[in-house]
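# A look at the structure
Now for the letters of each chain:
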Amino acid sequence: MTVAEWLEPLMFYLFAGVTFLSALGIVLTGNIVRAAIYLLGTLGGAAGLYFLLLANLLAAVQLIVYAGGTLILIVFGVMLTSRSPWMKFSPGRGEAAAASIVAVVLFAAIVKVLTTVDWKAGARPIEQAATVRQFGSLLLQEYLVPFEAASILLLVVMIGAAYLARPEK
Amino acid sequence: MMHIGLLHYLVLAAGIFCLGILTMTLKRNAIGILIGAELVLNAANINLVAFSRYRTGAIDGQVVAVFIILLAAAEAAIAIAIFMNFYNSLATIDVDRGDRLQG
């Protein structure tokens, strides 16, 4: 076996484990600050998976925008609303049991459907990672309209967030 | 087990999706619910990138994933602004307290 043959499964199970266990931690912890920290684990693990899936630029974007931007925003939100009597709240046993059953059944159904499909048929895998140049030209040619719509959305969000968060007169 | 294929990523994404749904149903803290939504979006992103890698032979899935990351950031910004208002008017972040419109 070559190095690449055993390194890829190893890295996959490492990143998948980090991603999944962090997500499990978010569900199980009652402390919202810990949930935010576990979210960092999930986002970082997902970035590792993107590297394995030959999406290098996307992994970098995930780390910069998601882990660096969105997560900081969430942590600020936690800090600004922390003086709340329901900071630590654990759901009732009945609620937790019902929700868990629904989630497990949903997961089992999805996995059942996924395993019945033959994913090999007609598959055209990518063999090497796309360059930033390819990515950028795709973004500015085929996806120009969504790109512009996204920039308008960001402007709207900026104005909207500033309007919503302004102090009352 | 040793050969990693599309199915591994899809099952992992399904697991994260279900955990996100579970987070959204079980948390009463509004920010906890937002974190659950981020988990669901991440599961969708893993699916998109995995399909792009193993099935389509093009990187369109990655471009869409970038748009989803952008939408998640925009959603988080607006959601946090709404939670600030919620907290200012009710002095709590518990979503069960926001029942003023209930008849």
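The following paragraphs examine the structure supplied in this document. (Residues numbered from 1 in each chain as written. Chains lettered and ligands numbered in written order. Predicted model: local features only at pLDDT ≥ 70, side-chain atom pairs only at ≥ 80, totals over all residues. Heavy atoms only, no water.)

Turning our attention to the overall build of chain A. The helix and strand tally for chain A stands at six helices and zero strands. In chain A, the succession of helices and strands from N to C terminus is α-α-α-α-α-α. Here chain A has a C-alpha radius of gyration of 21 Å; the compact-globule value for 169 residues is 15 Å, and the former is much larger. Expressed as lengths along the three principal axes of its C-alpha atoms, the size of chain A is roughly 60 × 45 × 30 Å. Every one of the 169 residues in chain A was classed for burial, and the buried ones make up 29%. Of the roughly 10,500 Å² of accessible surface on chain A, 71% is carried by carbon and sulfur atoms. The average position of the 10 basic charges and that of the 8 acidic charges among the side chains of chain A differ by 15 Å. (Helix = DSSP H or I, 4+ residues; strand = E, 2+ residues; numbered from the N terminus. Rg over C-alpha atoms; globule rule 2.2 N^0.38 Å. Buried < 20%, exposed > 50% of the residue type's maximum accessible area, 1.4 Å probe, protein only. Areas by Shrake-Rupley, 256 points an atom, 1.4 Å probe, with all protein chains shown as cover. Lys, Arg positive; Asp, Glu negative; His and termini not counted. Charge placed at Lys NZ, Arg CZ, Asp CG, Glu CD.)

Moving on: the overall build of chain B. In terms of regular secondary structure, chain B is built from three helices and zero strands. The N-to-C order of helical and strand elements in chain B reads α-α-α. In terms of overall dimensions, chain B has a C-alpha envelope of 55 × 25 × 25 Å along the principal axes. Counting across all 103 residues of chain B, residues that qualify as buried make up 57%. Nonlocal contacts in chain B, meaning residues at least 24 apart in sequence, comprise 51% of its contacts between residues at least 6 apart. As displayed, chain B has an accessible area near 3,900 Å², and 67% of this comes from carbon and sulfur atoms. Chain B carries 6 positive and 6 negative side-chain charges, and their two centres are separated by 6 Å. (Contact = heavy atoms within 4.5 Å.)

Now for the interface of chain A and chain B. Interface size is commonly expressed as the accessible area that is lost once the parts come together. Tallying the contact residues gives 83 residues for chain A and 71 residues for chain B. Around 7,000 Å² of area is buried between chain A and chain B when both sides are counted, 77% of it from carbon and sulfur atoms. At the surface where chain A touches chain B, the tally comes to zero salt bridges. For the interface between chain A and chain B, the tally reads twelve residue pairs in polar contact (both at pLDDT 80 or more). Where the side of chain A that touches chain B is concerned, the elements lending two or more residues are helix 1 (3-28), helix 2 (32-52), helix 3 (56-80), helix 4 (93-116), helix 5 (132-140) and helix 6 (144-164) of chain A. Top contributing element to the side of chain A that touches chain B by residue count: helix 1 of chain A, with twelve residues. Its residues assigned to classes, the side of chain A that touches chain B shows 63 nonpolar, 13 polar and seven charged. (Buried area = accessible area lost by both parts, 1.4 Å probe. Salt bridge = Lys/Arg side-chain N within 4 Å of Asp/Glu carboxyl O. Polar contact = N/O pair within 3.5 Å; in protein donor to acceptor, adjacent residues only side chain to side chain. Nonpolar A, V, L, I, M, F, W, Y, C, P; charged D, E, K, R; others polar.)

Residues and elements named next belong to chain B. One can describe the packing of helix 2 (residues 30-56) onto helix 3 (residues 60-90) by two numbers: an axis separation of 9 Å at closest approach and a directional angle of 175°. By the criterion of interaxial angle, the relationship of helix 2 to helix 3 is roughly antiparallel. Every residue of helix 3 that contacts helix 2 at Ala 30, Ile 31, Leu 34, Ala 37, Glu 38, Leu 41, Asn 45, Leu 48, Val 49 and Ser 52 is listed here: Gly 61, Gln 62, Val 64, Ala 65, Ile 68, Ile 69, Ala 72, Glu 75, Ala 76, Ala 79, Ile 80 and Phe 83. For the contact of helix 2 with helix 3, the residue count by class is 16 nonpolar, four polar and two charged. (Axes fitted to C-alpha atoms, helices over the stretch in contact; angles between N-to-C directions. Parallel < 35°, antiparallel > 145°, perpendicular 65-115°, else oblique.)

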